Amino acid sequence: QVQLVESGGGLVQPGGSLRLSCTASGFTFSNSAMAWYRQAPGKQRELVARITSGSITNYAGSVKGRFTISRDNAKNQVSLQMNSLKPEDTAVYYCTRRNPFSGNYDYWGQGTQVTVSS
């Protein structure tokens, strides 16, 4: 079955960095677009960054220039390097797969907490 397992969250001070990783299994990873979403308390889940099977990337305006999404098809991993973190980046971050047929994000990881605070 499809599994997405995130890791790398934690507590960091403003201006610091974190790297999130998502290890995928149960589907052909190299053929799938992937994305990171986040959800802060009391807010809707929002797209942070996405990467196509051909490694074309797209970012939310709020993270552009600070976050970098990448993929390693040999390891079935998608990563999110987060630099210059701000308190407003505090959220649960989710890895998700885009279904190549429907175009919907159909499988989600359990989420990893990122807290930016001094």
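A brief look at the structure comes next. Since we're looking at a predicted model, the values are computed, not measured.

Considering unusual backbone geometry
Piece 1. With a phi close to 70 degrees, S55 is a non-glycine residue in the positive phi region.
Piece 2. Examined against the element boundaries, S55 turns out to sit in the loop between β5 (46-51) and β6 (57-59).
Piece 3. With relative accessibility at 42%, the residue S55 sits in the partly exposed group.
Piece 4. Even without being a glycine, N76 presents a positive backbone phi close to 55 degrees.
Piece 5. By secondary structure assignment, the location of N76 is in the loop between β7 (67-72) and β8 (77-82).

As for the side chain of R66
Piece 1. Along the chain, R66 falls in the loop between β6 and β7.
Piece 2. Judged by relative accessible area, which is 11%, R66 ranks as buried.
Piece 3. For R66, the side chain forms a polar contact with the side chain of D89, separated by 2.8 Å.
Piece 4. Not counting residues within four places of it along the chain, the set of residues in contact with R66 comprises Q81, M82, N83, S84, L85, K86 and D89.

Comments concerning the nonpolar core
For soluble globular proteins, nonpolar side chains are generally found buried alongside one another.
Piece 1. The biggest cluster of nonpolar side chains holds 29 residues, and the ones touching the most others in it are W36, V78, L80, M82 and Y93.
Piece 2. Among the secondary structure elements, those contributing two or more residues to this core are β3 (18-25), β4 (34-39), β5, β7, β8, β9 (91-98) and β11 (112-116).
Piece 3. Looking at this core, the element that brings in the most residues is β3, giving four residues.
Piece 4. Residues contacting V78, with those up to four places away along its chain left out, are L20, S21, C22, F29, M34, W36, I51, I69, S70, R71 and C95.

Here's the deal with the state of the cysteines
Piece 1. Here the structure, examined in full by the defined rule, presents one disulfide.
Piece 2. What pairs with C22 in a disulfide is C95, and their sulfur atoms sit 2.1 Å apart. A torsion of -75 degrees about the S-S bond marks the disulfide between C22 and C95 as left-handed. A residue pair is termed long-range when its members are at least 10 positions apart, and C22 in strand β3 and C95 in strand β9 qualify at 73 residues.
Piece 3. Looking at C22, the relative accessible area reads 0%, which means it is buried.
Piece 4. Judged by relative accessible area, which is 0%, C95 ranks as buried.

Focus: the sheet that holds β8
Piece 1. Here we have four strands laid out as an open sheet, ordered β1-β3-β8-β7, and antiparallel in their pairing. Each edge of the open sheet is held by one strand with a lone partner, namely β1 (3-7) and β7. With direction set aside, neighbouring strand axes in the sheet form an average angle of 15 degrees.
Piece 2. Judged from the six bridges that link them, β3 and β8 form a sheet pairing that is antiparallel.

About the criteria used
Position numbers for residues start from 1 in each chain and track the written sequence from start to end. In keeping with the model being predicted, local features are shown solely for residues with a pLDDT of at least 70 and side-chain atom pairs are shown and tallied solely at 80 or more, while totals for entire chains, interfaces and linings include all residues. Side-chain measures here rest on the full set of heavy atoms in the structure, leaving out hydrogens and waters. Put simply, DSSP marks the helices as runs of H or I at least four residues long and the strands as runs of E at least two long, and each gets a number from the N terminus on. For each residue, the accessible area found with a 1.4 Å probe, counting protein chains only, is set against the maximum for its type, and the residue is called buried under 20%, exposed over 50%, and partly exposed in between. Under this definition, polar contacts are N or O atom pairs within 3.5 Å; protein pairs additionally need one hydrogen-donor-capable and one acceptor-capable atom, and for neighbouring residues in sequence, both atoms have to be side-chain atoms. Contacts: residue pairs with any heavy atoms within 4.5 Å of one another. Side-chain atoms within 4.5 Å link the members of a nonpolar core, which is a set of buried Ala, Val, Leu, Ile, Met, Phe, Trp, Tyr and Cys residues. Working definition: a disulfide is two cysteine sulfur atoms within 2.5 Å of each other. Strand pairing is defined by DSSP finding a minimum of two bridges between the two strands. As a rule, the C-alpha atoms of each element are fitted with a line to give its axis, helices using only the stretch in contact, and angles between N-to-C directions run from 0 to 180 degrees.

Geometry only, nothing functional implied.
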